[in-house]
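Below are the chains, spelled out letter by letter.
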Amino acid sequence: MYRRLPFIILLSILAVFALRASVVAPSILVQNYSVDDYKASCQNWDLAVSYHGILYVANNSGLVTFDGNTWNTYPLPDKTPIYKVSFQNDSIYTQGKSSLGYWLYDKLGNLEYHPIDTLPSYINFDDPETNYTIPKEIEEKHPTSFASAGGLNFTGTSTSGIYITNDEGEIFQHLNINNQLQDNIVRSICVQDNNLIWVALDNGISQIDINPPIAMLGKRSQIGKLEDAVKEDNRLYIRTNVGYFSRSLMFGDKFTPISDEIGRSYIHPDTTDNHLSVSSLFKNKDVLSVFANAESIYPVPDNLYWLTIQNEAGLFHRENGTGTLKCRILFDNYDLNLVTNGKRIIPLNDSLDLVSAMQGTLLINTRQLIEGSLGGLTMPRFMRIEYQDQEGTHYLYPDTQRIDLPHNFQELSLYIGTTVFTPNHQISYKLEGVSADWSSWQKDGKITFLQLPEGTYELRVRKYVTRGPFPEITMQITVHPPWYNTVWAYLIYVALIWFAIQEGLRYHLRNLRKKEQEKLEAERQAELQRLQQMKSEMLETELQNKNNELTLQTTALVKRNEAIQALLEELDKQKETLGDRYPNKLYTRLRSLMESTLNDQADWVQFETYFNSAHQNFMDRLRQQYTDITAGDLRICCLLRMNLSTKEIASLMNVSVRAIELRRYRLRKRLALDGDTNLVDFLMNY
């Protein structure tokens, strides 16, 4: 009995799960990519998915790639279309109308084309053979491609889109331009894994998710905006703004209108006050992350709560006032948007919830969502790095953790890739040192920065995941300073400043020495001027003394001569009066002595010496200019320069006044003076 107990418990658990899983979500979710998304020709021919998680598409514009975030197009050298694509190891083989070759990634993350003549034996571009039954209805639509995934068979046609059947040929669903697909011409189908296929259309690319955790039950254009719902057994009843509808949750079923009376019998008016707040439910709001500011809260069985903010929803388990994240959904990943007014989430049971979206009514299988997120995380990665400057575009190695940029770069672009193996492609980034908050979630993997200032930054990029911490990668970005702002430049600046200071000091010292020398020279000149002035004053004084002495001597001579001449006159009067009584011998001797005294040349020699000293060699200059001048004329010139009167000159020279006047007349002629020139003034200024 006890040995069978574990087996009984296991059967009970399986029975419970079987009961809970009796209601299953619809199996199809289609995401379409148009020309506006992949920026190439609308016409696609073939697809292949590599184990790296990259989609390769044969397109009229060339080889189109998609890494989950970024689309790239690589044209052939001759710009012709590509019709077939296949993947083997790291090589992507393509075939066109007149081209055959393979593509390889270079170190910069770009694909390079290599033409070949023969396709390797292990590469086969032929479509796989169908191994399931195709109904006659589908055969009439001209099948073009076949694939099997998730227990379903997918048949693409050239006129009516895709038919989904089982192995017996029963048609489960028909996808066409009127029902989720964007074109009816299917060129190729590629199976990514057991739950996901890609479709190449004549106008666009589609991704079909089999048995997704989120499914569209009904479009808003068909059933209106969801307001309330209830599940009874295996049937769903909803109320929208246009009425009541009902459907089963079986695959392929659709909503059908029901009467208001029947609808109200299942969906009763909600009179409960459901105004819950985050602070009343959770003590520690930090663990809620962005949901700490939730706009709406919806309780779910088993003490679970949906919190919604903007276009994101998070499911939290509450225990002892603490919230634990079970899963989260960013509806941007599915190109869906929550309604802005009214109920957003309506719980059906512990694993199924209805969501009111702007596109229609969604069904979320939270158990499937949580279980699907338990696998390994796929890290985002840098696919291509490039920057532009005045010289053009430069590519950097993406397989690195650090990049260096010149100071004059204009734009830096980093392309982030996740993988096509996950439905979550949204990324967010933050540049430490520039932004304090994370950017909004974005599908586009291109991150652009314009003209960052010099310095070192850390770029953090994270990928959205359903549960757990966001996987994150980092890149260090260093913007080098211009040459004039580098360490070497600063060393040169220091050296130049030091040299300038030294030169300034030397210049200052030279100026000081120069000023000191100028000061000393000025003092020396002043001293010389003072000495010269003193010398001049002394010379002037000496000259004045000599002039005075000469004047005194001349005056004394004049007075002596006048006295002797008076004595001679008196002697002559006495001789005349006494006659013979006055002895002739005595008279003659006495007169002779007096006359010899008057004519004594020694006095004139001494006079000339003093005169030349006092009047700067006046006599010598006259002799040099007037060579025919006589000694008597020189004496007359000297006496006239001393401004003596004619009478005084006649006394000194012991001649008559008439004789002096006659000699003055002769002297004017000898000196060649005109009649207007005063002789005395000429001699005094000579």
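Residues numbered from 1 in each chain as written. Predicted model: local features only at pLDDT ≥ 70, side-chain atom pairs only at ≥ 80, totals over all residues. Heavy atoms only, no water.

## What to know about the packing of aromatic side chains
Line of reasoning, step 1. Applying the stated criterion to the full structure yields 23 aromatic pairs.
Line of reasoning, step 2. Measuring from ring centre to ring centre gives 5.5 Å for Tyr-33 and Phe-66, while their planes differ by 55°; the resulting arrangement is tilted. Note that Tyr-33 is positioned in strand β1 (residues 28–33) and Phe-66 in strand β4 (residues 62–66), a separation of 33 residues in sequence.
Line of reasoning, step 3. Between Tyr-429 and Phe-449, the ring centres sit 5.9 Å apart and the planes meet at 90°, which makes this aromatic pair edge-to-face. Placement of the pair is Tyr-429 in strand β33 (residues 427–432) and Phe-449 in strand β34 (residues 446–450), with a sequence separation of 20 residues.
Line of reasoning, step 4. Assessed through its relative accessible area of 19%, Tyr-429 is described here as buried. (Phe/Tyr/Trp six-rings, centres within 6.5 Å; stacked < 30°, edge-to-face > 60°. Helix = DSSP H or I, 4+ residues; strand = E, 2+ residues; numbered from the N terminus. Buried < 20%, exposed > 50% of the residue type's maximum accessible area, 1.4 Å probe, protein only.)

## A short note on the pattern of salt bridges
Line of reasoning, step 1. All chains considered together, the criterion is met by 17 salt bridges.
Line of reasoning, step 2. Close ionic contact of Glu-386 with Arg-384 constitutes a salt bridge, the shortest N to O distance being 3.4 Å. Take Glu-386 and Arg-384: they sit in the same class, and that class is buried.
Line of reasoning, step 3. Note that Glu-432 and Lys-430 form a salt bridge whose closest N and O atoms lie 3.7 Å from each other.
Line of reasoning, step 4. Each member of the salt-bridge network shares a partner with another, and the members are Lys-430, Glu-432, Arg-460 and Glu-472. (Salt bridge = Lys/Arg side-chain N within 4 Å of Asp/Glu carboxyl O.)

## Brief notes about the environment of Arg-524
Line of reasoning, step 1. Within the element layout of this structure, Arg-524 appears in helix α8 (residues 487–578).
Line of reasoning, step 2. Using a relative accessible area of 41% as the deciding quantity, one classes Arg-524 as partly exposed.
Line of reasoning, step 3. Polar side-chain contacts of Arg-524 include one of 2.5 Å to the side chain of Glu-521. (Polar contact = N/O pair within 3.5 Å; in protein donor to acceptor, adjacent residues only side chain to side chain.)

## Structural notes on a nonpolar patch on the surface
Line of reasoning, step 1. Taken together, the side chains of Leu-528, Leu-531, Met-534 and Met-538 present a nonpolar region at the surface, about 360 Å² in accessible area.
Line of reasoning, step 2. Considering the arrangement of structural elements, one finds Leu-531 in helix α8.
Line of reasoning, step 3. Judged by relative accessible area, which is 40%, Leu-531 ranks as partly exposed. (Patch = residues over 30% accessible without salt bridge, like charges linked within 9 Å, V, L, I, M, F, W, Y side chains within 5 Å. Areas by Shrake-Rupley, 256 points an atom, 1.4 Å probe, with all protein chains shown as cover.)

## Let's talk about the confidence of the model for the protein
Line of reasoning, step 1. Predicted confidence across the protein gives a mean pLDDT of 85, with 94% of residues reaching 70 or more.
Line of reasoning, step 2. Throughout residues 1–26 the model reports pLDDT below 50, and contacts reaching past four residues in sequence, or to other chains, amount to 19 contacts. (pLDDT = per-residue confidence, 0-100. Contact = heavy atoms within 4.5 Å.)

## Here's the deal with the side chain of Thr-466
Line of reasoning, step 1. Structurally, Thr-466 is set in the loop between β35 (455–463) and β36 (472–479).
Line of reasoning, step 2. For Thr-466, a relative accessible area of 10% gives the class buried.
Line of reasoning, step 3. Polar side-chain contacts of Thr-466 include one of 3.3 Å to the side chain of Asn-424.

## Notes on the sheet that holds strand β2 (residues 44–49)
Strands belonging to one sheet form pairs held by backbone hydrogen bonds; the direction of such a pair is parallel or antiparallel.
Line of reasoning, step 1. Taken in spatial order, the 4 strands of this open sheet run β2-β3-β4-β5, and their pairing is antiparallel. With one partner strand each, in any of the chains shown, β2 and β5 (71–74) form the two edges of the open sheet. Ignoring strand direction, the axes of neighbouring strands in this sheet form an average angle of 20°.
Line of reasoning, step 2. Direction of pairing for strand β3 (residues 55–59) relative to β4: antiparallel, over a ladder of 5 bridges. Bridging across to β4, Val-57 finds its partner in Val-64. (Pairing = 2+ DSSP bridges. Axes fitted to C-alpha atoms, helices over the stretch in contact; angles between N-to-C directions.)

## Quick notes on helix α13 (residues 646–653)
Line of reasoning, step 1. Judged by how many residues are buried, α13 sits mostly within the fold: 6 of 8 residues are covered.
Line of reasoning, step 2. When we look at burial in α13, the residues that qualify are Thr-646, Ile-649, Ala-650, Ser-651, Leu-652 and Met-653.
Line of reasoning, step 3. Of the residues flanking the end of α13, it is Asn-654, one or two places downstream, whose phi is positive at about 60°.

## Some details on the pairing of β4
Line of reasoning, step 1. The buried fraction of β4 amounts to 5 of the 5 residues, a majority that puts the element mostly inside the structure.
Line of reasoning, step 2. Between β3 and the antiparallel strand that follows it, β4, lie 2 residues.
Line of reasoning, step 3. Note: β4 against β5, 4 bridges, orientation antiparallel. Following the sheet pairing, Val-64 is matched in β5 by Thr-73.
Line of reasoning, step 4. Count of turn residues in the β4/β5 antiparallel hairpin: 4 residues, of which Gly-68 carries a positive phi of about 105°.

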